[in-house]
Amino acid sequence: MVNTPGPGEEQGLRADPLDGLPVDFAVFFTQENPGYLRYAQQRLRHREDAQDAVQSAGAVLYKNWRRALSSADLKAFAFKIVKDAVTDVLRERRRTERKRLRVIAQFRPDTGHGELDELAELDALDWAMEELAQASPVQADVVRLRQAGLSYPDIGRALGIAHTTARTYYSLGRRHLEYLLETADRLPEPAAGENEQGRPE
């Protein structure tokens, strides 16, 4: 798990990330940084979040630089730290989203979406929503907005579609999510030493 730098360290890193750092570390991180940013931005979708994750990873790598140099594969060691930093951001997002959904369920009981709110407590729904967003972005937007308590006319105005289309997309999106969750239940667990896609770590 990534240990984020303290306030003073983070401020210094943001001000001039490579100032005063060992030359070999500065050269390595400067060379690899563009690739790290592309990877982080692809997963996090927001450049600011990607920059924060990579800077956090840089601070951790610097603290463990001696271990990194003595590791069997310096690039693999460093990239694992970057992946952990990105995962930390994603997990924090999910925790925040679950809290938001609980607040919605508590203070807006008239939304009539108790079933989906309960599903949102499952980690599997995070994955399913990401899959839905890639396959059908508008359906995913409709589901998220409806889940937040917006009416179909409000969703239609927000997304520039008819309210009847919003209702249809919500129904399709719900069915798509249910299918993805059922599929996820049937997927075999990754073997030891493999990631979630079944590829070696």
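Residues numbered from 1 in each chain as written. Predicted model: local features only at pLDDT ≥ 70, side-chain atom pairs only at ≥ 80, totals over all residues. Heavy atoms only, no water.

A.B. asks: Explain unusual backbone geometry residue by residue, including any values.
C.D. replies: Here Arg-45, not a glycine, exhibits a phi torsion of approximately 75 degrees, which is positive. With respect to the element layout, Arg-45 can be found in the loop between helix H2 (23-44) and helix H3 (47-63). Judged by relative accessible area, Arg-45 falls into the exposed class, the value being 56%. (Helix = DSSP H or I, 4+ residues; strand = E, 2+ residues; numbered from the N terminus. Buried < 20%, exposed > 50% of the residue type's maximum accessible area, 1.4 Å probe, protein only.)

A.B. asks: Describe the packing of helix H8 (residues 137-147) against helix H9 (residues 152-159), with residues and values.
C.D. replies: Interaxial distance between H8 and H9 falls to 10 Å at its minimum, and their mutual angle equals 135 degrees. Here H8 lies oblique to H9, going by the angle between them. At the point where H8 passes H9, the crossing takes the right-handed sense. The residues of H9 that touch H8, namely those facing Val-138, Asp-141, Val-142, Leu-145 and Arg-146, are Tyr-152, Ile-155, Ala-158 and Leu-159. Along the lines of polarity and charge, the residues of the contact of H8 with H9 split into seven nonpolar, no polar and two charged. (Axes fitted to C-alpha atoms, helices over the stretch in contact; angles between N-to-C directions. Parallel < 35°, antiparallel > 145°, perpendicular 65-115°, else oblique. Left-handed = near helix turned anticlockwise from the far one by under 90°. Contact = heavy atoms within 4.5 Å. Nonpolar A, V, L, I, M, F, W, Y, C, P; charged D, E, K, R; others polar.)

A.B. asks: Explain the nonpolar core residue by residue, including any values.
C.D. replies: Counting residues in hydrophobic clusters, the biggest one holds 23 residues, and the most contacted among them are Tyr-36, Leu-61 and Val-86. Secondary-structure elements contributing two or more residues to this core are H2, H3, helix H4 (65-70) and helix H5 (74-107). Here this core gets eight residues from one element, more than from any other, and that element is H2. Residues within four places of Leu-61 in sequence aside, it is in contact with Phe-25, Phe-28, Phe-29, Ala-68, Phe-77, Ala-78 and Ile-81. Judged by nonpolar contacts, the second largest core, of 14 residues, contains Ala-128, Met-129, Val-142 and Tyr-152. (Core = buried A, V, L, I, M, F, W, Y, C linked by side-chain atoms within 4.5 Å.)

A.B. asks: Explain H9 residue by residue, including any values.
C.D. replies: Among the residues of H9, those classed as buried are Tyr-152, Ile-155 and Gly-156. In an axial view of H9, the angular spread of the buried residues amounts to 100 degrees, which keeps them on one side of the axis. Set apart from the buried face of H9 by more than 90 degrees, the exposed residues are Arg-157 and Ala-158. With its phi angle positive at about 75 degrees, Gly-160 sits one or two positions after the end of H9. (Arc of directions from axis to C-beta.)

A.B. asks: Report on the packing of aromatic side chains, specifying residues and quantitative values.
C.D. replies: Using the criterion set out here, one finds eight aromatic pairs in the structure. Feature note: the residues Phe-25, Phe-28, Phe-29, Tyr-36, Tyr-39, Tyr-62, Trp-65 and Phe-79 constitute an aromatic cluster, connected by ring pairs. (Phe/Tyr/Trp six-rings, centres within 6.5 Å; stacked < 30°, edge-to-face > 60°.)

A.B. asks: How would you sum up the pattern of salt bridges? Please name residues and give values.
C.D. replies: Inspection of every chain in the model, using the stated rule, returns four salt bridges. Among the salt bridges present, the one from Lys-75 reaches Glu-32, with a minimum N-O distance of 3.6 Å. Of the two residues, Lys-75 is situated in helix H5 and Glu-32 in helix H2; the sequence distance between them amounts to 43 residues. Residue class for Lys-75 comes out partly exposed when judged on its relative accessible area of 46%. Note that Asp-84 is salt-bridged to Lys-80, the shortest N-O span being 2.9 Å. Linking Asp-84 with Lys-80, this pair stays in helix H5, spanning four residues, or about one helical turn. (Salt bridge = Lys/Arg side-chain N within 4 Å of Asp/Glu carboxyl O.)

A.B. asks: Which residues make up the packing of H2 against H3, and what values do they have?
C.D. replies: Two elements in contact, H2 and H3, have axes whose closest approach is 9 Å; the angle formed by their N-to-C orientations is 140 degrees. Overall, the two elements H2 and H3 adopt an arrangement that is oblique. In this structure, the crossing between H2 and H3 has a hand that is right-handed. Of the residues in H3, those touching H2 at Phe-25, Phe-28, Phe-29, Asn-33, Tyr-36, Leu-37, Ala-40, Gln-41 and Leu-44 are Arg-47, Asp-49, Ala-50, Gln-51, Ala-53, Val-54, Gly-58, Leu-61 and Tyr-62.

A.B. asks: Got a sec to walk through the environment of Val-54? Specific residues and values, please.
C.D. replies: Its place among the elements puts Val-54 in helix H3. Since its relative accessible area comes to 2%, Val-54 is described here as buried. When the C-alpha atoms of Val-54 and Ala-85 are compared, they prove to be 7.1 Å apart, with 31 residues separating the residues in sequence.

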